[in-house]
Number of protein chains: 2
Amino acid sequence: MAEAATRRRGRGGGGAARRAERTAVRIETARFIERNIPNLELLNEEALQIIEANAETVLEEIGVNFPENPEALERWRQAGAMVEGERVRLPKGLARKLCATAPGRFTQHARNPERNVEIGGRSLVLAPVYGPPFVRDEHGRRYATMEDFRKFVKLGYMSKWLHHSGGTVCEPTDVPVNKRHLDMLHAHMTLSDKPFMGSVTEPSRAQDSVEMCEILFGKEFVAENTVMTSLININSPLTFDNVMMGALEVYARSNQACIISPFIVGGAMAPVSVAGTLTQVLAEVLAGVAYSQLIRPGAPVIFGAFVTSIDMNSGAPTFGTPEASQILYGAGQLARRLGLPFRSGGGLCGSKLPDAQAAYESANTLNAALLGGVNFMLHACGWLEGGLVASFEKFVLDADQLGALHKMAAGVAMDENGQGMDALREVGPGGHYLGCAHTQANFKDAFWRTEVLDYKPFETWDEEGARDSRALASLRVQKLLDTYQQPALDPAIAEALEAYVRQKKESMSDAFI
Amino acid sequence: MAEAATRRRGRGGGGAARRAERTAVRIETARFIERNIPNLELLNEEALQIIEANAETVLEEIGVNFPENPEALERWRQAGAMVEGERVRLPKGLARKLCATAPGRFTQHARNPERNVEIGGRSLVLAPVYGPPFVRDEHGRRYATMEDFRKFVKLGYMSKWLHHSGGTVCEPTDVPVNKRHLDMLHAHMTLSDKPFMGSVTEPSRAQDSVEMCEILFGKEFVAENTVMTSLININSPLTFDNVMMGALEVYARSNQACIISPFIVGGAMAPVSVAGTLTQVLAEVLAGVAYSQLIRPGAPVIFGAFVTSIDMNSGAPTFGTPEASQILYGAGQLARRLGLPFRSGGGLCGSKLPDAQAAYESANTLNAALLGGVNFMLHACGWLEGGLVASFEKFVLDADQLGALHKMAAGVAMDENGQGMDALREVGPGGHYLGCAHTQANFKDAFWRTEVLDYKPFETWDEEGARDSRALASLRVQKLLDTYQQPALDPAIAEALEAYVRQKKESMSDAFI
């Protein structure tokens, strides 16, 4: 990576770049999580085998649809599938065989090589909320704008426990639909130096994403390395949208990573049972990943599972529920057996406000994602109201909890210092550990520490206004935005990116749907 | 149990009792949880063996203190320990050998046999908050009264997912210290029919607790069965308070259950490291449980671990932290290897309000307790501000989440209906599951459903006042209290209990410290 970084820096006026880097404030970002604790293996071997056999049955007997996509159908036919109309039926074992060329882990490069992430194995990479058309701040809920988008990218850059800048952290509804991706990518590339996601809403926008990366990283570098991880949703049940597939094709051809992700509200888009839903998830991912490997064997992909349950009375999607956790655990096991990186979880909630409901639901999902072996966690912070809203306050509250996940994942130190027998001997019955040598030597890093929650004595807290978590979070949002400083970027690259966005925009008329 | 119930009912005017039972409203209480999912085994075999060996070293080299308790010291001497002053040193293996007579599981009987709980094995019994001197409701924070206490007992009785009425759900500060236990036990015995805890603040109060149980259950029944589980805290580090030990002696002699529980703020009362703290926890529990078995071999006990971490800047205890979770998981493994029921966890938090902080912290602990194999969970609901405050709103919010634990613990149904292949075949690609036969047959029980959180459409929620979880919880508290109806109790027993409390109170002058 040192070589690559030098090569990139060399492209445009090293002197200016070096000057910019010297004056930049250094923002601390934790390395992605490498788990040193076991996963919870919820399902036993028999259950997993039943689900795997059933998924093969689904693919062979029921099949999947690739509507309005004759090229895809032709690819499937040549690969040995049975194609009738837009229905593709896969003989048992075919999808799994095709999936075998997908890598078990891959590196997504960031423009700052220190921010590179490994996706797969025992890693956990944390990325912010994706997709909300609304934002909520201390003044309430409103449509998101590009200014909001930039603020979220800045918050993500300033968040120590967030490894990834994400993608559509909110929908900038004040920018025409066909031009949004340009502004969004530009923000990720210039306001942060963490890795990011590409556009998937049109194959041409995926192509623009690749071209902008070629400016940022250098054409040769992009040809050789994965610099984007993008979100390809499956139209569950069992349907592969031709627009999404078009974006997948662009990315797979460019060796860029895709999350192949069933998007399921259980009971509506999948069977109402956990095992039935897992069967459908596996069948869908098998077909989607297999298709990616037909485009380019070896293209990096992630086994995705965005699954929630439904409130059977109101039809509303619900989050942080036990069924969603069970599906997360099971899907993780299926992904590991398939040898693929796994995406799920995040700070998901149905609540309208960053209140107790939001936190219970989010914590339930965050804990399940950590223990369920998730490798890439989208929506790790900022998600509110079933994903309709990106919340500034929830962003910093969740991002703080992500620090706890790091500490939990690090496991328990069992070396001599960790065993602490010196402390036990020094203090003895009835003593106090605060002043002992072992405590003095270890207290700084012994315990995870919040940056936003309140531990003050009651009287102090009361005198300071008896603020709840939402109010404290609001202060932290402001503090982070006030102290934000843009990471250095080679001015020649910055200029080239701006020119690309300007020219692209000028070549299009505005579209708002 | 049918026989025992009949016997008890027979004691005082069966006709009146039967009449009372006929007119009573039936309150639904879930059966205690029997896990159908695996535990998370956080520590590996090597780590566990190191901790176990270190705990034996602590007991032999450092020892434990039994201050102002010559009888206890004499018991230890006779059992083979080395006693110097108040220090007791146990040769390696002695404590573990003595612990072997403690049962791996036991039944705690309730006056309503349907509410009996099994403690140990794969069970999880949920009990409310214990000990807060303050309460918080929608009007704020104030000292707790006996009226508050009664309200919490009523809420516990009305809470479907709570199996146990608990003990000191709050400290009734308007009742003299030496008489509180009488009113508290009377409330548990008459306002609820769930199992409860006895007093531990003086050996004489433990004796009163046994005598009141003899009135409620019958003397013979109490002699033969466990009808109380009481909380014996260890004065960590490594010190056994003679008052607590006196209460333990009363209960063990009566074959009543005790939780032997280190009470540790890590970094202050135990080493600042997870492994060091686990070593101390194990040493303390080994000594405490061994002592209980010296009083009466076979007396039921629970391996307790109330461990939290400390904010090294302010010295405040913190809750829901990753270190606390790691200790919980590790302690559970140690308890299972010792063959004892395990107590830990609960909805612990440091927050002053039932806000997002409270919920993150509580959910972190609740999830760890479920997956860490806890058998008896004290503080499962209502805990606020580091245990200083019992919160009405948090009580119902936490109690609601306990329902999610039940569903999670039930595991994944893998029978034909659970596999849902009929649904997948019926619906197919692009279809919708809401109307299919499998969904119609299963939707009622398919998903856990909250009784307090909000799933409404934004517009409805907004029109109804944009209420947060705290406001919704406040409404639920009122609804539960408004619909509360006292469970039936044989009038002769009720009268005898009242007479006992009255006579006991009359025999004492008031004490307020």
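Residues numbered from 1 in each chain as written. Chains lettered and ligands numbered in written order. Predicted model: local features only at pLDDT ≥ 70, side-chain atom pairs only at ≥ 80, totals over all residues. Heavy atoms only, no water.

**A word on the overall build of chain A**
- Assigned secondary structure in chain A consists of 20 helices and 18 strands.
- Relative to the 2.2 N^0.38 estimate, which gives 24 Å for 513 residues, the radius of gyration of chain A is 24 Å and therefore close to what a compact globule would have.
- Its C-alpha atoms put chain A at 75 × 60 × 45 Å along the principal axes.
- The 513 residues of chain A split such that 66% are buried.
- Put simply, of all contacts in chain A between residues at least 6 apart along the chain, 77% involve residues at least 24 apart.
- The positive charge centre, built from 52 side chains, and the negative charge centre, built from 61, are 4 Å apart in chain A. (Helix = DSSP H or I, 4+ residues; strand = E, 2+ residues; numbered from the N terminus. Rg over C-alpha atoms; globule rule 2.2 N^0.38 Å. Buried < 20%, exposed > 50% of the residue type's maximum accessible area, 1.4 Å probe, protein only. Contact = heavy atoms within 4.5 Å. Lys, Arg positive; Asp, Glu negative; His and termini not counted. Charge placed at Lys NZ, Arg CZ, Asp CG, Glu CD.)

**Digging into the relation of the copies chain B and chain A**
- Overlay of chain B on chain A (RMSD 0.0 Å): rotation 180 degrees, translation along the axis 0.0 Å. Both copies of the chain, as the preceding transformation shows, are related through a two-fold rotation axis. Across chain B, the smallest distance between a C-alpha and the rotation axis is recorded for alanine 356 of chain B, namely 2.1 Å.
- Interface overlap between copies is the fraction of interface residues in one copy that are interface residues in the other; for chain B against chain A it reaches 100%, indicating a shared surface. (Least-squares fit on C-alpha atoms with pLDDT ≥ 70 in both.)

**Quick look at the interface of chain B and chain A**
- Across the contact, 114 residues belong to chain B and 114 residues belong to chain A.
- For the pair chain B and chain A, the summed buried area comes to about 9,200 Å², and 68% of that belongs to carbon and sulfur atoms.
- Looking at the side of chain B facing chain A, the largest losses of area belong to Tyr360, Pro429 and Phe447 of chain B, adding up to 9% of the total buried there.
- For the salt bridge of arginine 425 of chain B with glutamate 61 of chain A, the shortest nitrogen-to-oxygen distance reads 3.1 Å. (Buried area = accessible area lost by both parts, 1.4 Å probe. Salt bridge = Lys/Arg side-chain N within 4 Å of Asp/Glu carboxyl O.)

**Here's the deal with the state of the cysteines**
- On inspection of all chains with the given rule, the structure shows zero disulfides over all chains.
- Cysteine 170 of chain A forms no disulfide, and the closest cysteine sulfur to it belongs to cysteine 381 of chain A, at a distance of 13 Å.
- Distance from the sulfur of cysteine 349 of chain B, which forms no disulfide, to the nearest cysteine sulfur (cysteine 381 of chain B) is 12 Å. (Disulfide = S-S within 2.5 Å.)

**Thoughts on the side chain of aspartate 193 of chain B**
Residue and element names in this part refer to chain B.
- As for its placement among the helices and strands, aspartate 193 is situated in the loop between α7 (177-191) and α8 (203-217).
- Looking at aspartate 193, the relative accessible area reads 6%, which means it is buried.
- Polar side-chain contacts of aspartate 193 include one of 3.1 Å to the side chain of arginine 115.
- Apart from the residues lying within four places of it in its own chain, the contact partners of aspartate 193 are Ala110, Arg111, Asn112, Arg115, Tyr157 and Pro487. (Polar contact = N/O pair within 3.5 Å; in protein donor to acceptor, adjacent residues only side chain to side chain.)

**Describing the nonpolar core**
- By size, the foremost hydrophobic cluster in this structure holds 359 residues, and its most contacted members are Phe66, Trp76 and Phe303 of chain A together with Phe66, Trp76 and Phe303 of chain B.
- Not counting residues within four places of it along the chain, the set of residues in contact with phenylalanine 66 of chain A comprises Ala72, Leu73, Trp76, Glu86, Val88, Phe240, Met245 and Tyr291 of chain A. (Core = buried A, V, L, I, M, F, W, Y, C linked by side-chain atoms within 4.5 Å.)

**Focus on the sheet that holds strand β2 (residues 64-65) of chain A**
Residues and elements named next belong to chain A.
- Here three strands make up an open sheet; going across it, the order is β2-β4-β3 and the pairing antiparallel. Each of the sheet's edge strands pairs with one partner strand only, and the pair in question is β2 and β3 (82-84).
- Here two bridges tie β2 to strand β4 (residues 87-89), and the two strands are oriented antiparallel to one another. For valine 64, the partnering residue across the bridge sits in β4 and is valine 88.
- Contacts from helix α3 (residues 45-62) reach β2, β3 and β4 within the one sheet, and its direction differs from that of β4 by about 130 degrees. (Pairing = 2+ DSSP bridges. Axes fitted to C-alpha atoms, helices over the stretch in contact; angles between N-to-C directions.)

**Remarks on helix α10 (residues 242-253) of chain A**
Residue and element names in this part refer to chain A.
- For α10, which comprises 12 residues, the first-to-last C-alpha distance of 16 Å matches the rise-based estimate of 16 Å (1.5 Å per residue) to within 8%.
- When you tally the buried positions in α10, you get nine out of 12 residues, the bulk of the element.
- Listing the buried residues of α10 in full gives Met244, Met245, Gly246, Ala247, Leu248, Glu249, Val250, Tyr251 and Ala252.
- Of the surrounding elements, those touching the buried residues of α10 are α4 (70-79), α8 (203-217), β10 (229-234), β11 (257-265) and α11 (274-295).
- Within two residues after α10, asparagine 255 carries a phi angle of roughly 65 degrees, on the positive side. (Expected span 1.5 Å × (residues − 1).)

**A few points about the pattern of salt bridges**
- Enumeration over the complete set of coordinates arrives at 58 salt bridges over all chains.
- In this structure, arginine 467 of chain B engages glutamate 464 of chain B in a salt bridge whose closest nitrogen and oxygen atoms are separated by 3.2 Å.
- Relative accessible area serves as the criterion here: at 34%, glutamate 464 of chain B is assigned to the partly exposed category.
- Each member of the salt-bridge network shares a partner with another, and the members are Glu45, Glu52, Glu56, Arg96 and Arg337 of chain A.

**Thoughts on the pairing of strand β13 (residues 306-310) of chain B**
All names here are of chain B.
- Among the five residues that make up β13, five are buried, leaving the element largely enclosed by the rest of the structure.
- Relative to β13, strand β11 (residues 257-265) runs parallel, the two being bridged by three bridges. Residue pairing for β13: phenylalanine 263 is matched across the bridge by phenylalanine 306.
- Pairing analysis gives two bridges linking β13 to strand β14 (residues 317-318), with the strands arranged antiparallel. For isoleucine 310, the partnering residue across the bridge sits in β14 and is proline 317.

**Remarks on the pairing of β11 of chain A**
Residues and elements named next belong to chain A.
- Burial analysis of β11 places eight of its nine residues in the buried class, which makes it a mostly covered element.
- Relative to β11, β10 is paired through six bridges, and the arrangement is parallel. By the bridge assignment for β11, asparagine 233 is matched with serine 261.
- One crossover worth recording links β10 to the parallel β11 by way of α10, and it is right-handed. (Right-handed = clockwise from strand over helix to strand, strands pointing away.)

**Here's the deal with the confidence of the model for chain A**
Residue and element names in this part refer to chain A.
- Residues at a pLDDT of 70 or more form 95% of chain A, whose mean pLDDT is 94.
- Counted against residues more than four places away or in other chains, residues 1-13, with its pLDDT under 50, gives 26 contacts.
- Predicted as a complex, the structure gets a pTM of 0.95 and an ipTM equal to 0.95. (pLDDT = per-residue confidence, 0-100.)

**A few points about the sheet that holds strand β9 (residues 140-143) of chain B**
All names here are of chain B.
- Ordered by their spatial adjacency, four strands build an open sheet running β9-β8-β18-β17, and the pairing between neighbours is mixed. Edge strands, defined here as strands with exactly one partner in the open sheet, are β9 and β17 (383-384).
- As paired strands, strand β8 (residues 134-137) and strand β18 (residues 389-391) are joined by three bridges and run parallel to one another. Note on β18: the bridge partner recorded for phenylalanine 134 is valine 389.

**Focus: the packing of α7 of chain B against helix α20 (residues 491-506) of chain B**
Residue and element names in this part refer to chain B.
- Where α7 meets α20, the axes come as close as 10 Å, and the angle between the chain directions of the two elements is 175 degrees. Taken together, the axes of α7 and α20 are roughly antiparallel relative to one another. Counting all contacts with α7, which are made through Lys179, Leu182, Asp183, His186, Met189 and Thr190, the residues of α20 involved are Leu497, Glu498, Tyr500, Val501, Lys504 and Lys505.
- Its residues placed into classes, the contact of α7 with α20 shows five nonpolar, two polar and five charged. (Parallel < 35°, antiparallel > 145°, perpendicular 65-115°, else oblique. Nonpolar A, V, L, I, M, F, W, Y, C, P; charged D, E, K, R; others polar.)

**Considering the environment of leucine 348 of chain A**
All names here are of chain A.
- Take leucine 348: it is sitting in the loop between β15 (342-343) and α13 (356-371).
- Classification of leucine 348 as buried rests on a relative accessible area of 5%.
- Along the primary structure leucine 348 and aspartate 398 are separated by 50 residues, whereas in three dimensions their C-alpha atoms are 10.0 Å apart.
- With near-sequence residues (within four places) excluded, leucine 348 lies in contact with Phe306, Phe319, Gly320, Glu361, Ser362, Thr365, His379 and Trp383.

**Focus on helix α6 (residues 146-158) of chain A**
- The end-to-end C-alpha distance of α6 of chain A is 18 Å, a good match for the 18 Å that 13 residues give at a rise of 1.5 Å each.
- Buried residues along α6 of chain A sit in contact with β8 (134-137), β9 (140-143), α7 (177-191), β18 (389-391), α14 (392-409) and α19 (469-483) of chain A.

**Some remarks on the packing of aromatic side chains**
All names here are of chain A.
- Summed over all chains, the structure comprises 30 aromatic pairs over all chains.
- Between the aromatic rings of phenylalanine 263 and phenylalanine 306, the centroid separation amounts to 4.9 Å while the plane-to-plane angle is 5 degrees, which identifies the pairing as stacked. Placement of phenylalanine 263 in strand β11 and of phenylalanine 306 in strand β13 (residues 306-310) is noted, with a sequence separation of 43 residues between them.
- By relative accessible area, phenylalanine 263 is classed as partly exposed at 34%. (Phe/Tyr/Trp six-rings, centres within 6.5 Å; stacked < 30°, edge-to-face > 60°.)

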